[in-house]
Amino acid sequence: MKLLYQLNAAFTALIIIVMSITAFFVYSLLMDMLIQDEQRQLKGRAELLIDLINDQDEDRTPELSQLIQDRNYPILLFNSDNGEILFRTMPAAIAASWMERYEEELEGEEVWESEGEKYVVYDFPVNAGNSQILVMATPLNDLQAVQSVFAIRMIMVFLIGLLLALIVSYILTWRLVTPLTKLKQEVKKIEKRRFDDVKQVQASGEIKEVEQSVRHMAAELARYIHSQKQFFQNASHELKTPLMSIQGYAEGIRDGIFQGEAAEKGLNVMVSETERLKKIVNEMILLAKLDSSEDVYHPEQTNITDVVIQAKDRLIPLANDKDMTIALKGGASFYSFVDRERILQAVINILSNAVRHGTHHVTVEIETQAEQMKVRIMDDGTGIPEALLPQMFERFIKGKEGETGLGLAIARAIIERSGGTIKAYNRDDQPGAVFEIRFQRKDELL
């Protein structure tokens, strides 16, 4: 069943249940209200009757006669001490039954019954000794007739209200379901990888948030698929180059083209390319594990400042070979729950990249706060080309003097796995690049 019909059915069922319960209680309370109202009227007529009886004015005699003869209000006056009926305008059997049962059953009751017929009554003593009881009554059938008329009208109102509610429900659910239907069509486009055809859907509230998430997902999927295609293209290129070198020298040595020193040189190239190939494969495996596996990441409480200093110390020999210096500024301790060895690997990758592209010196600035640590690694090289900046941390993206093109990608994966962020930009005050890393304080693994 379509969502539109499901919502309409649910809303209709809810309205029917609520209105039925309401009608039941209203119908039940209506009789009590009618009985109470009738008793008030009976009390007023009884007081009027007593007033007319006590008033000996002949001008009011017709009014008294009319009140007594009104068949809608049967009257009974009896003496409860001697069981004598003094006056009645109702059948004798009913009058006698009420008088006999008065003190034991009927006194104080709102509804009296006799010979299968019910009456709403008002009774009170008319003399000081409370021996003479006046009973004013009206048939309950009259009130039930009023109740039935009200019930019919209530049913009509119920049906009209239900019809209007269904119309309103259909309009509201249609406005709700229509964006969902359009959103479903856009999701179908994503399923068929038609990311460029995904359009914005006019909606509001939570549906608007879902629609924005769907479009964001489409953009991310498009970017991911594009990056995967680029990754495989770059990976195949990077793997193909050493394999071709190895194959060329191996065939040359086999066919006797390379002999003596040439053959030895070829063997050295083959070993070197094999090591390079092994390094690329290992780094690709590491990246894949960082994305999915928990086996390569073992967090512990770590002083990240010490890790940065250790990474700097390890890069000093490389810097000395290029007649460069590595300066460290700051150094307050900052502890977080991360993998020490992986963070060390990430910082070494970034720092070695700065040493390779720097000219004379590299500066490492450490700035610590209560909940955050910022590490800036700055070199004095030519900087990062603007076209390369958005792709700096993509796999197999490398600039001049780059090795495998995976070092910065691995660094980003490790830092993000540790709950941090990394970004690269060019310096404003002088030539050179800046890699800025931020770590958040963590007491346990996120």
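Structural notes, computed from the coordinates. Note that this is a predicted model, so its numbers are computed, not measured.

## Some points on the environment of Ile15
And then number 1: Summarising the element assignment, Ile15 is placed in helix 1 (residues 3-54).
And then number 2: Along the sequence, Ile15 and Leu162 sit 147 residues apart, while their C-alpha atoms lie 7.2 Å from each other.
And then number 3: With residues near it in sequence (within four places) discarded, Ile15 still touches Leu162 and Ala165.

## A closer look at the sheet that holds strand 5 (residues 132-139)
And then number 1: The five strands lie next to each other as 2-1-5-4-3, forming an open sheet whose pairing is antiparallel. The two strands at the open ends of the sheet, each matched to only one other strand, are strand 2 (84-88) and strand 3 (111-114). Neighbouring strand axes in the sheet, compared pairwise and without regard to direction, differ in orientation by 35° on average.
And then number 2: Pairing between strand 3 and strand 4 (residues 117-125): four bridges, direction antiparallel. Note on strand 4: the bridge partner recorded for Trp112 is Tyr119.

## A few points about the packing of aromatic side chains
Any pair of aromatic rings gets described here by the distance separating the centres and the angle formed by the planes.
And then number 1: Scanning the model with the defined rule gives six aromatic pairs in all.
And then number 2: Their ring planes at 75° and their centres at 5.5 Å tell us that Phe24 and Phe25 sit as a pair that is edge-to-face.
And then number 3: Judged by relative accessible area, Phe24 falls into the exposed class, the value being 55%.
And then number 4: Relative to Phe258, the ring of Tyr249 has its centre 5.3 Å away and its plane inclined at 35°; by these criteria the two rings are tilted.

## Focus on the environment of Tyr425
And then number 1: The topology assignment puts Tyr425 in strand 11 (residues 421-426).
And then number 2: Sequence separation between Tyr425 and Pro385 is 40 residues, and the spatial gap between their C-alpha atoms is 9.7 Å.
And then number 3: With near-sequence residues (within four places) excluded, Tyr425 lies in contact with Arg376, Leu389, Ala433, Val434 and Glu436.
And then number 4: Of the polar contacts made by the side chain of Tyr425, one reaches the side chain of Glu436; its length is 2.9 Å.

## Let's talk about the pairing of strand 9 (residues 361-368)
And then number 1: By the bridge criterion, five bridges tie strand 7 (residues 325-329) to strand 9 in an arrangement that is parallel. Bridge pairing in strand 9 links Lys329 to Glu365.
And then number 2: Strand direction decides the pairing type here: strand 9 and strand 10 (residues 372-379), joined by seven bridges, are antiparallel. Among the inter-strand pairings, Val362 is bridged to a residue of strand 10, identified as Asp379.

## Some words on helix 8 (residues 340-357)
And then number 1: For helix 8, with 18 residues, the first-to-last C-alpha span of 26 Å sits near the 26 Å given by 1.5 Å per residue.
And then number 2: Counted residue by residue, helix 8 has 13 buried out of 18 residues, so it is predominantly covered.

## Let's talk about helix 3 (residues 92-106)
And then number 1: With 15 residues, helix 3 ought to run about 21 Å at 1.5 Å a step, yet its terminal C-alpha atoms sit only 17 Å apart, falling short of that.
And then number 2: Its maximal kink placed at Glu100, helix 3 deviates by approximately 45°.
And then number 3: All buried positions along helix 3 are accounted for by Ile94, Ala95, Ser97, Trp98, Met99, Tyr102 and Leu106.
And then number 4: Where helix 3 is buried, its residues touch strand 1 (75-79), strand 2, strand 3, strand 4 and strand 5.

## Some words on unusual backbone geometry
The phi angle of most residues is negative, glycine excepted, and most peptide bonds adopt the trans form.
And then number 1: Phi at Arg193 is positive, roughly 60°, even though this residue is not glycine.
And then number 2: Checked against the element boundaries, Arg193 lands in the loop between helix 4 (140-191) and helix 5 (205-254).

## Observations concerning the pattern of salt bridges
And then number 1: What the rule picks out here adds up to 12 salt bridges.
And then number 2: A salt bridge links Asp255 to Arg254, with the nearest nitrogen and oxygen atoms 3.1 Å apart.
And then number 3: A single salt-bridge network, built from bridges that share partners, covers Glu365, Glu367 and Arg376.

## Focus on the packing of helix 8 against helix 9 (residues 407-417)
And then number 1: Where helix 8 contacts helix 9, the two axes come as close as 9 Å, and the packing angle between them is 145°. Considering only the axes of helix 8 and helix 9, their crossing is left-handed. Of the residues in helix 9, those touching helix 8 at Arg342, Ile343, Gln345, Ala346, Asn349, Ile350 and Asn353 are Gly407, Leu408, Ile410, Ala411, Ile414 and Ile415.
And then number 2: A breakdown of the residues in the contact of helix 8 with helix 9 according to their chemical character gives eight nonpolar, four polar and one charged.

## Description of a nonpolar patch on the surface
And then number 1: Taken together, the side chains of Ile160, Leu163, Leu164, Ile167, Tyr170, Ile171 and Trp174 define a hydrophobic patch exposed on the protein surface, amounting to about 720 Å² of accessible area.
And then number 2: Position of Leu164 among the secondary structure elements: in helix 4.

## Details of the environment of Glu211
And then number 1: Within the element layout of this structure, Glu211 appears in helix 5.
And then number 2: Glu211 gets classed as buried once you look at its relative accessible area, which sits at 1%.
And then number 3: Taking the C-alpha atoms as reference points, Glu211 and Lys182, 29 residues apart in sequence, are found 9.8 Å from one another.
And then number 4: Apart from the residues lying within four places of it in its own chain, the contact partners of Glu211 are Leu183, Lys199, Gln200 and Val201.
And then number 5: Only 2.6 Å separates the side chain of Glu211 from the side chain of Arg215, close enough to count as a polar contact.

## Points about the sheet that holds strand 7
Strand pairing in a sheet takes place through backbone hydrogen bonds and is either antiparallel or parallel in direction.
And then number 1: Sheet architecture is open: five strands sit in the order 7-9-10-12-11, paired in mixed fashion. The open sheet has two edge strands with one neighbour each: strand 7 and strand 11. Neighbour-to-neighbour, the strand axes of this sheet turn through a mean angle of 15°, independent of strand direction.
And then number 2: Bridge count between strand 11 and strand 12 (residues 433-440): six bridges; the pairing is antiparallel. Bridge pairing in strand 12 places Thr421 opposite Arg438.

Parameters at a glance
Residues numbered from 1 in each chain as written. Predicted model: local features only at pLDDT ≥ 70, side-chain atom pairs only at ≥ 80, totals over all residues. Heavy atoms only, no water. Helix = DSSP H or I, 4+ residues; strand = E, 2+ residues; numbered from the N terminus. Contact = heavy atoms within 4.5 Å. Pairing = 2+ DSSP bridges. Axes fitted to C-alpha atoms, helices over the stretch in contact; angles between N-to-C directions. Phe/Tyr/Trp six-rings, centres within 6.5 Å; stacked < 30°, edge-to-face > 60°. Buried < 20%, exposed > 50% of the residue type's maximum accessible area, 1.4 Å probe, protein only. Polar contact = N/O pair within 3.5 Å; in protein donor to acceptor, adjacent residues only side chain to side chain. Expected span 1.5 Å × (residues − 1). Bend = angle between axes of the 7 residues up to and from the residue. Salt bridge = Lys/Arg side-chain N within 4 Å of Asp/Glu carboxyl O. Left-handed = near helix turned anticlockwise from the far one by under 90°. Nonpolar A, V, L, I, M, F, W, Y, C, P; charged D, E, K, R; others polar. Patch = residues over 30% accessible without salt bridge, like charges linked within 9 Å, V, L, I, M, F, W, Y side chains within 5 Å. Areas by Shrake-Rupley, 256 points an atom, 1.4 Å probe, with all protein chains shown as cover.

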